[in-house]
Amino acid sequence: MRALHAALAFLIGDPQADRMVPPAGFTVTLTVFTSAAMAFLAVFALALSLASGRLAERWGDDLAKSATIRISAPADQIEDQTRAALRVLETTPGVAEARALSDEDQRVLLEPWFGPDLPVDQLPIPRLIEVIAEGDGYDATGLRLRLQAEVPGAVLDDHAAWRRPLVEAAGRLRALGWLAILLIGGATGAMITLAANAALAANAQVIAVMRLVGARDNYIAGAFVRRFTLRAAAGALGGTVLGVLTLVILPRGGGDDETGVLTGLGLSGLQWGWTLVIPPLAAAVAFLATRAAARRSLQRLS
Amino acid sequence: MIELENVAYSYGYAGGELLTEISLKLAPGSFHFLTGPSGAGKTTLLKLLYGALVPTAGHLRLWGQDIRAMSRDDIAILRRKVGVVHQDCRFLDHLPVAENVALPLTVSHQGGPDQAQNLSDLLGWVGLTARADALPPELSGGERQRAALARAVIMSPEIVLADEPTGNIDWEMSQRLLHLLVELNRMGKTIMIATHDLQLIRAAKSQVQARVLRISNRRVQLAGADL
Ligand SMILES: Nc1ncnc2c1ncn2[C@@H]1O[C@H](COP(=O)(O)OP(=O)(O)OP(=O)(O)O)[C@@H](O)[C@H]1O
Ligand SMILES: [Mg+2]
């Protein structure tokens, strides 16, 4: 409550103190532009992080739940081996469902490559069994050993080989997004510090006069800090709105959410709420950076 | 109210101490001149008196409080009790004269409608009513000095320190300024004026009882009656 009160008092400010700092200089304009540009970039970094996070989760989850068993055997043994594999699967804990694909299913799968007239029943095509896991999944190594013993022609493919790098890549992309946000925050702080230092140096005379007529350090610093903080917040608000608008009108590549990062660099649902954090965060960075700069330059003054 | 005891000051370069062994008391209601050649340290001594510099040796007490024990905020508050007319009267150039004169009130949160009468009286007293809305860079040298004096006294300080208040203005204007300072002294204020204008000192002596201090050979001495 006290903090809220202080924040409100800060926002309203002291119009008389504000008048003592000469009207907007070049540095204040720079601050508005910098924080707008940084907020714009932050929206994209945020979208990147959140989208790749979503993707990593989905790939991790969905793919972990499905696997395929491929049975290659001479034509006369294939039915026996399929049945044997299904029996093994029935008694494997963690397997929710196992289903051998019919000739018809397989024809549909192969059609895109070989056309509709493929004589599936006459070709030595391996039989496929679709396995759906439940709960925490099954023990892939154990299942492999059992299949090896009982169904010589069976190979279990749990997609782990190509799933892991994808999930890892998505995770790295997410970390990269957060790193970008951190860097953007740091760069914003650094640039606002430079702008504030320039403003303080340009107004050395104003500060000296205020100090000589009995203004306290906090009063003097406050006049500068408020100006920079408000401009940074306004700039960041503008940048965030622009960033969000750009995300909204960005073409989605026709695909739905499934197609992932490349086509769907967007935010969904509650995630839009995260963008609301950007302007206050920029204001906080500006506040801290300007206050530190103002205190430093006041210390040098008697 | 202001007491110096063996105070020394050095800007910290090879020349050594600029001022040394200075013991001095400013009694309430007294009128002092501070004189000495250019570069003797008049401005430096005044800066010590309003806490812009801290003695490198000795003790300086303001209203009983040692300057070294004072925080930056204490010094800011002190400046509200000591009116200073600086040698290079500096203003906020983007604000009109009236607002500049009222600055000490504003920064101590005492500015307000009830002070408006006070402000316009003060501007009338220094003869700047017509220039109240001008910006400081538009003022003449004498007008600047008078605006600076008005700013120095708006808080009704107990002490007024003036550094070369008649530095670059003509004799008639100097007389007018001196008259204002004498008037303040008659109201009970302690006045200290740094100047090397001996004519001004003579003129003052015919109006008030003034002590003349001279900085010579790094020390402050009471000047003889020959002035
Ligand atoms: N900030 C400073 N740093 C170093 N030396 C300084 C500083 N201010 C003044 N001095 C030196 O201290 C000496 C005294 O300066 P001061 O301004 O007190 O003299 P003054 O008696 O007021 O002279 P004037 O009559 O010209 O105003 C001068 O030699 C000056 O160069
Ligand atoms: Mg001087």
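Criteria and cut-off values
- Here the residue numbers are simple positions, counted from 1 along each chain's written sequence.
- Just so you know, chain letters begin at A and ligand numbers begin at 1, following the order they were written in.
- Where totals are concerned, whole chains, interfaces and linings use all residues; where local detail is concerned, this predicted model gives features only for residues with pLDDT of at least 70, and gives and counts side-chain atom pairs only at 80 or more.
- Side-chain numbers here rest on the full set of heavy atoms in the structure, without hydrogens or water.
- Secondary structure counts use DSSP, requiring at least four H or I residues in a row for a helix and at least two E residues in a row for a strand, with both numbered from the N terminus.
- In this setup the radius of gyration rests on C-alpha atoms only. A globule is expected at 2.2 Å times the number of residues raised to 0.38.
- Residue contacts follow a heavy-atom distance rule, with two residues in contact if any of their heavy atoms lie within 4.5 Å.
- Each accessible area is a Shrake-Rupley result for a 1.4 Å probe, and residues are judged covered by the shown protein chains and nothing else.
- In this tally, Asp and Glu contribute negative charge and Lys and Arg positive charge; neither His nor the terminal groups of the chain are included.
- Lys charges are placed at NZ, Arg charges at CZ, Asp charges at CG and Glu charges at CD.
- For every element, the axis is a line fit to its C-alpha atoms; helices are fit only across the contacting stretch, and the angle between N-to-C directions ranges from 0 to 180 degrees.
- These descriptions rest on fixed angle ranges, namely under 35 degrees for roughly parallel, over 145 for roughly antiparallel, 65 to 115 for roughly perpendicular, and the rest for oblique.
- Crossings are sorted by hand: turned counterclockwise from the far helix by less than a right angle, the near helix makes the crossing left-handed, and turned clockwise it makes it right-handed.
- Just so you know the grouping, Ala, Val, Leu, Ile, Met, Phe, Trp, Tyr, Cys and Pro go in nonpolar, Asp, Glu, Lys and Arg go in charged, and all remaining residues, Gly too, go in polar.
- One heavy atom within 4 Å of a molecule or strand is enough for the residue carrying it to be called near that molecule or strand.
- For the purposes of these results, a polar contact is taken to be a pair of N or O atoms within 3.5 Å, where, inside protein, one atom must be able to donate a hydrogen and its partner to accept one; residues adjacent in sequence count only when each atom of the pair is a side-chain atom.
- For Na, K and Ca the donor cut-off is 3.2 Å; for every other metal, N, O and S atoms count as donors within 2.8 Å. Water does not enter the count, which can leave sites looking incomplete.
- Per-residue accessibility, obtained with a 1.4 Å probe over protein chains only, is compared with the maximum for each type, and a residue is labelled buried under 20%, exposed over 50%, and partly exposed between these values.
- Reported buried area values correspond to the accessible surface (1.4 Å probe) lost by two parts on association, with both partners' losses combined.
- Here, a salt bridge means any Lys or Arg side-chain nitrogen found within 4 Å of an Asp or Glu carboxyl oxygen.
- In these notes, a set of buried Ala, Val, Leu, Ile, Met, Phe, Trp, Tyr and Cys residues joined through side-chain atoms within 4.5 Å is what counts as a nonpolar core.
- Domain ranges listed in this record stem from an automatic or a database domain assignment.
- One requirement defines pairing of two strands: DSSP has to find at least two bridges between them.

## Notes on the overall build of chain B
Helix and strand counts for chain B come out as 8 helices and 10 strands. Computed over C-alpha atoms, the radius of gyration of chain B comes to 17 Å, within 12% of the 17 Å expected from 2.2 N^0.38 for 227 residues, which places it in the range of a compact globule. Its C-alpha atoms put chain B at 45 × 40 × 35 Å along the principal axes. Intrachain contacts of chain B at a sequence separation of at least 6 include 70% that bridge at least 24 residues. In the structure as shown, chain B presents an accessible area of about 9700 Å², 48% of it carried by carbon and sulfur atoms. On chain B, the mean spot of the 23 positive side-chain charges and the mean spot of the 23 negative ones are 5 Å from each other.

## Let's talk about the packing of helix H8 (residues 204-212) of chain A against helix H9 (residues 217-249) of chain A
Residue and element names in this part refer to chain A. Across the interface, H8 lies against H9 with an axial gap of 10 Å and an inter-helix angle of 150 degrees. The orientation of H8 relative to H9 falls into the category roughly antiparallel. Our pair here, H8 against H9, has a crossing hand that is right-handed. Contacts between H8 and H9 involve Ile-207, Met-210 and Arg-211 from the former and Asp-217, Tyr-219, Ile-220 and Phe-224 from the latter. In terms of residue class, the contact of H8 with H9 is built from 5 nonpolar, no polar and 2 charged.

## With respect to the site of ligand 1
Residue and element names in this part refer to chain B. Around ligand 1, 14 residues are found, and the nearest of them are Ser-38, Gly-39, Lys-42, Thr-43 and Thr-44. For ligand 1, a nitrogen atom lies 3.3 Å from a polar atom in the side chain of Tyr-11. One of the side-chain N or O atoms of Thr-44 is found 2.5 Å from an oxygen atom in ligand 1. Here ligand 1 loses 62% of its free accessible area of 630 Å² to cover by the protein chains.

## Points about the coordination of the magnesium ion (ligand 2)
Residue and element names in this part refer to chain B. Only Thr-43 (OG1) and Gln-87 (OE1) from the protein reach the magnesium ion (ligand 2) as donors, at distances of 1.9 to 2.4 Å. With Thr-43 in helix H1 (residues 42-49) and Gln-87 in the loop between strand E6 (82-85) and helix H3 (97-101), this pair connects stretches of sequence that are 44 residues apart. The class of Thr-43 is partly exposed, set by a relative accessible area of 26%. Classification of Gln-87 by relative accessible area gives partly exposed; the value is 41%.

## Digging into the interface of chain A and chain B
Taken residue by residue, the interface counts 23 residues in chain A and 24 residues in chain B. Of the roughly 2200 Å² buried between chain A and chain B, counting both surfaces, carbon and sulfur atoms make up 55%. Remark: the boundary between chain A and chain B carries 3 salt bridges. For the pair chain A and chain B, the number of links is 9 residue pairs in polar contact (both at pLDDT 80 or more). Counting residues per element, the ones that place at least two in the side of chain A that touches chain B are helix H2 (15-20), H8, H9 and helix H11 (278-299) of chain A. Among the elements that line the side of chain A that touches chain B, the one with the most residues is H8(A), at 6 residues. For the side of chain A that touches chain B, the residue count by class is 13 nonpolar, 5 polar and 5 charged.

## Looking at the nonpolar core
Residues and elements named next belong to chain B. Membership of the largest hydrophobic core comes to 46 residues, with the highest contact counts inside it found for Phe-31, Phe-33, Leu-149 and Leu-178. Looking at this core, the elements with two or more residues in it are strand E3 (31-35), H3, helix H5 (113-125), helix H6 (141-153), strand E7 (159-163), helix H7 (171-186), strand E8 (190-194) and helix H8 (198-205). The dominant element in this core, judged by the number of residues it contributes, is H7, at 7 residues. Ignoring anything within four residues of it in the chain, the contact list for Phe-31 reads Leu-178, Leu-181, Val-182, Asn-185, Ile-191, Ile-193, Val-208, Gln-209, Ala-210 and Arg-211. Counting residues in each nonpolar core, the second largest holds 33 residues, with Ile-22, Tyr-50, Ala-194 and Leu-213 among its members.

## Here we look at the domain arrangement of chain A
How large an interface is tends to be reported as the accessible area lost when its parts come together. You can read the domains of chain A as domain 1 (2-55 + 171-301) and domain 2 (73-152). Each of domain 1 of chain A and domain 2 of chain A was reduced to a C-alpha centroid, and the two centroids are 57 Å apart.

## Describing the sheet that holds strand E9 (residues 211-216) of chain B
The strands making up a sheet associate through hydrogen bonds between their backbones, and the pairing can be parallel or antiparallel. All names here are of chain B. Reading across from one edge, E6-E7-E8-E3-E9-E10 is the order of the 6 strands in this open sheet, with mixed pairing throughout. Where the open sheet ends on each side, the last strands, each with one partner, are E6 and strand E10 (219-222). Along the sheet, successive strands turn relative to each other by an average axial angle of 20 degrees, direction set aside. Strand direction decides the pairing type here: E7 and E8, joined by 5 bridges, are parallel. Paired with Leu-161 across the bridge in E8 is Met-192. Against the sheet, H8 engages E3 and E9, with an angle of about 165 degrees to E3.

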